[in-house]
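Close look at the chain arrangement
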Amino acid sequence: MHNKRLQYTVRVAEPNPALASLLLEQFGGPDGELAAAMRYFTQGLGDEDPGRRDLLLDIATEELSHLEVIGSIVAMLNRGVKGQLSEAALEEADLYMAVNAGGDSHTQSILYGGGPALTNSSGVPWTAAYIDSRGDPTCDLRSNIAAESRAKIIYERLINITDDPGIKEALGFLMTREIAHQKSFEKALYAIRDNFPPGKLPGLEPYANMYVNTSQGEGDRTGAWNEGPQWQRVDDLTQYLPVDGGSGHAEVRLPPDQDAAVAAMAARQMSDPDYDPLTGADLGAGPGAGRTSDEDHGGAQDMADARQMAQAHEGVK
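Small disclaimer: the values here were computed from a predicted structure and weren't measured.

Observations regarding the overall build of the protein chain
Looking only at helices and strands, the protein chain has 13 helices and 2 strands in total. Put simply, the protein chain has 317 residues, and 31% of those count as buried. Considering only residue pairs separated by 6 or more positions, the protein chain has 64% of its internal contacts joining residues 24 or more positions apart. Per element, the accessible surface of the protein chain, about 20,700 Å² overall, is 55% carbon and sulfur.

The following block contains the structure:
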């Protein structure tokens, strides 16, 4: 059932199509309200736990009400230009300026008539690819926690770009509901006693405590995330690779006919290391090409020198 009253009253001080375009990020964007509603709705339908199912369907339905709030703000911000465009109430130049207020506002006005479109702030259509559920509650609840965190940050940024007090209040409400939902999802996650690692299979002992320091040099830092009694820190990669003690080479056992075909293909496509062919780069080489098969054409010492060489070459032509 749909209640015609919004969950939070929308009060817009004045029209602003450019702001409306930016607010679409939370209408049809990857961290927007529709994506959240569909994420939690589909998770709830597939969850076997009655408590989590109820939680997910409750929040999914509330996210649809938030979609209604943000969509209503967008519609109100576009309302004046919508009427002017529909009724040709302005001269051409003034109407053009009103429609091109900034951002994607011209697309919103012309293509969607000023109504909230299921796009992000750049006009990219909403897609179900935004829904990253995996059907495992320990995995999905963590994803939901991250989604609520991302949405809060987007709302903070949107609050910072408007001086309209009514819009700020409505966005503040929506931002705060992200906090409340994150708390609910965290409670649901930790209500699962053994929630880490996700899934059923345990990690493999030799690799579960290994921290591999693969980015080395100036800027190396240590902390609880990579050093201490819970970690086996690997700094000398050559000593530990391959970690399984094997050869480190990819292998496959092929049937005899496939093995023969692969050998024939490899022989046919083999490069000759003793052959130095004359190529198109050699034939067409000019200043700056560096060393080719039969000549050293040199190069520039820096970008300023490169520009000078290019200008001199153009002068010769």
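Points about the packing of helix α3 (residues 33–46) against helix α7 (residues 137–160)
Relative orientation of the contacting elements α3 and α7 amounts to 165°, with a least axis distance of 11 Å. As summarised for this structure, α3 and α7 are arranged roughly antiparallel, according to the angle between their axes. α7 is crossed by α3, and the crossing has left-handed handedness. Of the residues in α7, those touching α3 at Glu33, Arg39, Tyr40 and Gln43 are Asp140, Asn144, Ala147, Glu148 and Tyr155. Taken together, the residues that form the contact of α3 with α7 break down as 3 nonpolar, 2 polar and 4 charged.

Quick look at the packing of α7 against helix α8 (residues 165–190)
Close contact between α7 and α8 brings their axes to 9 Å; oriented N to C, the two are set at 165°. One element, α7, and the other, α8, form an angle in the roughly antiparallel class. When the axes of α7 and α8 are compared, the crossing they make is left-handed. In the contact of α7 with α8, the residues fall into 13 nonpolar, 6 polar and 8 charged.

Some remarks on α8
When the terminal C-alpha atoms of α8 are compared, their 38 Å separation across 26 residues agrees well with the 38 Å that a helix rising 1.5 Å per residue should span. Where α8 begins, one side-chain oxygen reaches toward the backbone nitrogen of Gly166, 3.0 Å away; that side chain belongs to Asp164.

What to know about the pattern of salt bridges
Under the defined criterion, the tally for this structure stands at 7 salt bridges. One salt bridge connects Arg233 with Asp235, and the closest N-O pair in it is separated by 3.1 Å.

Points about a nonpolar patch on the surface
Nonpolar side chains collect at one region of the surface, where Leu204, Tyr207, Leu241 and Val243 lie side by side and expose about 390 Å² of accessible area between them. Structurally, Tyr207 can be placed in helix α9 (residues 205–208).

Side note on the packing of aromatic side chains
Scanning the entire structure with this criterion turns up 4 aromatic pairs. Taking 6.3 Å as the distance between ring centres and 70° as the angle between the ring planes, the aromatic pair formed by Tyr211 and Trp231 counts as edge-to-face. One end of the pair, Tyr211, is in strand β1 (residues 210–212); the other, Trp231, is in the loop between β1 and β2 (232–234), and 20 residues separate them in sequence. Of the residues examined, Tyr211 reaches a relative accessible area of 26% and is grouped as partly exposed. By relative accessible area, which is 26% here, Trp231 ends up partly exposed.

Definitions and cut-offs
Residues numbered from 1 in each chain as written. Predicted model: local features only at pLDDT ≥ 70, side-chain atom pairs only at ≥ 80, totals over all residues. Heavy atoms only, no water. Helix = DSSP H or I, 4+ residues; strand = E, 2+ residues; numbered from the N terminus. Buried < 20%, exposed > 50% of the residue type's maximum accessible area, 1.4 Å probe, protein only. Contact = heavy atoms within 4.5 Å. Areas by Shrake-Rupley, 256 points an atom, 1.4 Å probe, with all protein chains shown as cover. Axes fitted to C-alpha atoms, helices over the stretch in contact; angles between N-to-C directions. Parallel < 35°, antiparallel > 145°, perpendicular 65-115°, else oblique. Left-handed = near helix turned anticlockwise from the far one by under 90°. Nonpolar A, V, L, I, M, F, W, Y, C, P; charged D, E, K, R; others polar. Expected span 1.5 Å × (residues − 1). Polar contact = N/O pair within 3.5 Å; in protein donor to acceptor, adjacent residues only side chain to side chain. Salt bridge = Lys/Arg side-chain N within 4 Å of Asp/Glu carboxyl O. Patch = residues over 30% accessible without salt bridge, like charges linked within 9 Å, V, L, I, M, F, W, Y side chains within 5 Å. Phe/Tyr/Trp six-rings, centres within 6.5 Å; stacked < 30°, edge-to-face > 60°.

These figures capture arrangement, not role.
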